[in-house]
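What follows is each chain in one-letter form.
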Amino acid sequence: MTAALDALFAGPFGPALAILLVGSVSYACRAGGVVLMARVRPTPRVERALRALPGSIIVATAVPSGLAAGAPGLAGLAVAALVMAALRVEVVALAAGVAAVAAGRALGY
Amino acid sequence: MPHQPARRRAPFTLAGCLTGARLTLPLWPGIVVFGVAYGAAAAGKGMSVAEALATSAIVYAGAAQMVGLELWRETWSLSTLVAVMTVTLFVNARMVLMGATLQPWLVGAPGWRNALGHFVLTDGSWVVAMRYREGGGRDLGVLFGAGVALWPLWLASTWAGCLTGALVSRPRAYGLDLVMPVLFTAMLVPLWRGARAARPWAVAALAALAAQRLLPGYAFIVVGGLAGCAAGALLDDPAPSDPAAHEPIADEPVGRGRRPPAR
């Protein structure tokens with residue numbers, strides 16, 4: 001069985017099969033959360049959890065990535081948050097944050 | 001499948017699709033640079049243009065594709081394939097959480113349209129659509145349009161990268177590698193509902209930072225997201241009435257979805 005699969009994947013269709021299979025994993029991740037939540041009974045506790053989730057995903061993505069980029073990264077996140085709080089315009093906040101990262105790096109931090 | 005007839009079905013309009021596409025515009029430079037970088041790296045790894053384009057079209061997940069490239073080879077076997085699938089699963093697991101946040105919005109929408117829509121869900125379209133919904137918008141076209149708009153852009157930039165190598169030679173110097181974290185941070189601001197409601201975020205940040213040190217890849221996003229989610233479930237809030245975040249009242253005309261006055 002394993003040998004047959006190895007032979008199949010080693011054959012001329014290997015790369016195509018690999019792309020398709022990796023793509024199906026990708027799709028399963030995209031659809032999985034929606035399908036899963038449709039089966040969860042929406043109790044108040046679940047709703048509280050769900051309400052905390054978007055901000056938690058954002059924080060869990062942004063904070064470690066920003067910290068990993070050192071001082072310029074942190075400066076970029078802080079500037080983006082401040083500009084957004086002041087102006088409430090995403091494009092400007094994004095541009096200011098990225099500019100802060102670039103400036104920090106240009107200064108050698 | 002629980003039916004919730006009381007909850008009104010969210011609309012889906014062409015105008016919403018166009019709004020969603022427009023809302024992604026600030027992300028384009030970062031995505032183009034990332035796509036070009038992927039195309040160039042794929043060509044460097046010996047992928048054909050067709051293979052790189054097919055990967056961008058079907059896998060359609062920049063970080064997962066980049067990480068998967070490390071494991072790409074000419075000749076495959078069962079074990080190498082399982083390895084690359086596992087890596088993809090770990091990098092993309094955050095999308096499971098994103099999908100979970102979208103589910104209440106998608107209730108009642110036709111299954112085929114959701115199935116199609118899931119295919120183009122990305123970090124960028126998720127955050128843009130969450131922000132729109134946070135502002136009271138309900139049009140599912142925004143979510144769909146944002147995802148659909150980024151797909152051809154991703155393909156085109158992959159293609160450009162395959163053909164030309166790195167167009168932008170020093171993306172880091174321009175801070176373009178941090179576009180997504182910076183945008184995410186900006187999008188966090190309108191979600192702010194006071195320190196009490198933000199306690200789960202602190203838990204998420206700490207858990208993600210710990211996981212970043214202990215676990216490989218992008219697992220920290222999932223760990224942090226789940227930790228914040230659990231904190232939200234366990235920290236008892238006195239049943240907050242938050243119409244904007246929960247059950248939008250107004251069928252706000254399609255637009256940027258400005259948030260109604262806080263609290």
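Residues numbered from 1 in each chain as written. Chains lettered and ligands numbered in written order. Predicted model: local features only at pLDDT ≥ 70, side-chain atom pairs only at ≥ 80, totals over all residues. Heavy atoms only, no water.

### Some points on the overall build of chain B
Defined as follows: Numbering of helices and strands runs from the N terminus; a helix is a DSSP stretch of H or I covering at least four residues, while a strand is a stretch of E covering at least two. When accessible area is computed with a 1.4 Å probe and restricted to protein chains, residues below 20% of their type maximum are described as buried, those above 50% as exposed, and intermediate ones as partly exposed. Residue contacts are counted whenever heavy atoms from the two residues lie within 4.5 Å of one another. Using a 1.4 Å probe, accessible areas were evaluated by the Shrake-Rupley method; residue-level cover was limited to the displayed protein chains.
In terms of regular secondary structure, chain B is built from 11 helices and 0 strands. Secondary structure elements in chain B, listed N-terminal to C-terminal, are α-α-α-α-α-α-α-α-α-α-α. For chain B, the residues scored as buried account for 52% of the 263 residues in total. Contacts in chain B between residues at least 24 apart in sequence constitute 82% of all its contacts with a sequence separation of at least 6. Summing over all exposed atoms, chain B offers an accessible surface of approximately 11500 Å²; the carbon and sulfur share of this is 70%.

### Here's the deal with the pattern of salt bridges
All names here are of chain B. In plain terms, the rule: By definition, a salt bridge exists where a carboxyl oxygen of Asp or Glu is found within 4 Å of a side-chain nitrogen of Lys or Arg.
The full count for this structure, using the stated rule, is 2 salt bridges over all chains. Residues D123 and R94 are paired through a salt bridge, measuring 2.9 Å at the closest nitrogen-oxygen approach. Remark: R94 occurs in helix α5 (residues 78-106) and D123 occurs in helix α7 (residues 123-134); sequence separation between them is 29 residues. You'll find D123 and R94 in the same group, each marked buried. R193 is paired through a salt bridge with E134; the nearest N and O atoms lie 2.2 Å apart. In this pair, R193 is assigned in the loop between α9 (179-188) and α10 (199-214) and E134 in helix α7, connecting sequence segments 59 residues apart. Residue classification places R193 among the buried positions, given a relative accessible area of 14%. The exposure class assigned to E134 is buried, which follows from its relative accessible area of 7%.

### A closer look at the interface of chain B and chain A
Interface size is commonly expressed as the accessible surface area that is lost when the partners come together. Put simply, the rule is: Computed with a 1.4 Å rolling probe, the buried area is the accessible surface lost when two parts are put together, summed over both parts. For this analysis, a polar contact is any N or O atom pair within 3.5 Å, provided that within protein one partner can donate a hydrogen and the other can accept it, and provided that sequence-adjacent residues contribute only side-chain to side-chain pairs. Throughout this entry, Asp, Glu, Lys and Arg are counted as charged residues, while Ala, Val, Leu, Ile, Met, Phe, Trp, Tyr, Cys and Pro are counted as nonpolar. The remaining residues, Gly among them, count as polar.
Counting from both sides, the interface comprises 88 residues of chain B and, opposite them, 65 residues of chain A. Between chain B and chain A lies a buried interface of about 6800 Å² when both sides are counted; carbon and sulfur atoms form 73% of it. Of all residues in chain B, the largest losses of buried area upon contact with chain A belong to L78(B), H118(B) and V182(B), amounting jointly to 8% of the total for that side. Between the two partners, chain B and chain A, sit 13 residue pairs in polar contact (both at pLDDT 80 or more). Broken down by element, the residue count for the side of chain B that touches chain A peaks at 19 residues, all from α5(B). For the side of chain B that touches chain A, a count of residues per class yields 57 nonpolar, 20 polar and 11 charged.

### Re the confidence of the model for chain B
All names here are of chain B. Stated formally: As a per-residue measure, pLDDT reflects the predictor's confidence and takes values from 0 up to 100.
Mean pLDDT for chain B: 82, with 84% of residues reaching 70 or above. Between residues 1-6, whose pLDDT stays under 50, and residues either more than four places distant or in other chains, the model counts 4 contacts. Low confidence marks residues 242-263, where pLDDT is under 50. Its contacts with residues over four positions away, or in another chain, come to 49 contacts. Interface scoring of the predicted complex returns ipTM 0.83; its pTM is 0.77.

### Observations regarding α5(B)
Cut-off, in case you're wondering: In a helix, the anticipated span is given by 1.5 Å times the number of residues less one. The bend reported for a residue corresponds to the angle between axes fitted to the seven residues ending at that residue and the seven starting there.
A rise of 1.5 Å per residue sets the reference length of α5(B), with its 29 residues, at 42 Å; its end C-alpha atoms lie only 37 Å apart and thus fall more than 12% short of the reference. V91(B) marks the point of greatest bend in α5(B), at about 40°.

### Description of the environment of A52(A)
With respect to the helices and strands, A52(A) occurs in helix α3 (residues 44-68). On the basis of relative accessibility, which here comes to 8%, the residue A52(A) falls in the buried class. If we skip the residues at most four places from it in the chain, A52(A) touches P200(B), W201(B), G228(B) and G232(B).

### With respect to helix α1 (residues 14-23) of chain B
All names here are of chain B. As a reminder, the rule being used: Comment: arc refers to directions from the helix axis out to C-beta atoms.
All of the buried residues along α1 are G16, C17, T19, G20 and L23. The arc that holds the buried residues of α1, viewed along the axis, is 160°, so those residues lie on one side. Exposed side chains of α1 directed beyond 90 degrees from the buried face belong to L14 and L18. Buried residues along α1 sit against α7 and α8 (140-164).

### Description of the packing of helix α2 (residues 14-38) of chain A against helix α3 (residues 49-58) of chain B
Threshold: Axis definition: a line fit to C-alpha positions, over the contact stretch in the case of helices; interaxial angles, taken between N-to-C directions, run 0 to 180 degrees. For classification purposes, an angle smaller than 35 degrees is called roughly parallel, one larger than 145 roughly antiparallel, one from 65 to 115 roughly perpendicular, and anything else oblique. Two helices cross in a left-handed way if the nearer one is turned anticlockwise from the farther one by less than a right angle. They cross in a right-handed way if the turn is clockwise.
Where α2(A) meets α3(B), the closest approach of the two axes is 9 Å, and the angle between their N-to-C directions is 15°. As judged from the angle between their axes, α2(A) and α3(B) are roughly parallel. Classified by chirality, the crossing of α3(B) by α2(A) is right-handed. Packed against α2(A), whose contacting residues are P15(A), I19(A), L20(A) and G23(A), the element α3(B) presents E51(B), A54(B), T55(B) and I58(B) at the interface.

### What to know about the packing of aromatic side chains
Residue and element names in this part refer to chain B. The condition that has to hold: Stacked, tilted and edge-to-face are the three classes assigned to paired rings of Phe, Tyr and Trp, where Trp is represented by its six-membered ring and a pair needs centres within 6.5 Å; plane angles under 30 degrees give stacked, over 60 edge-to-face, the rest tilted.
The final tally for this structure, using the stated rule, is 8 aromatic pairs over all chains. An angle of 45° between the planes, with centres 6.1 Å apart, marks the rings of W126 and F184 as tilted. Taken together, the positions of W126 in helix α7 and F184 in helix α9 put the pair 58 residues apart, joining distant regions of the chain. The exposure class assigned to W126 is buried, which follows from its relative accessible area of 0%. In this structure an aromatic cluster arises from ring pairing among F34, Y38 and W154.

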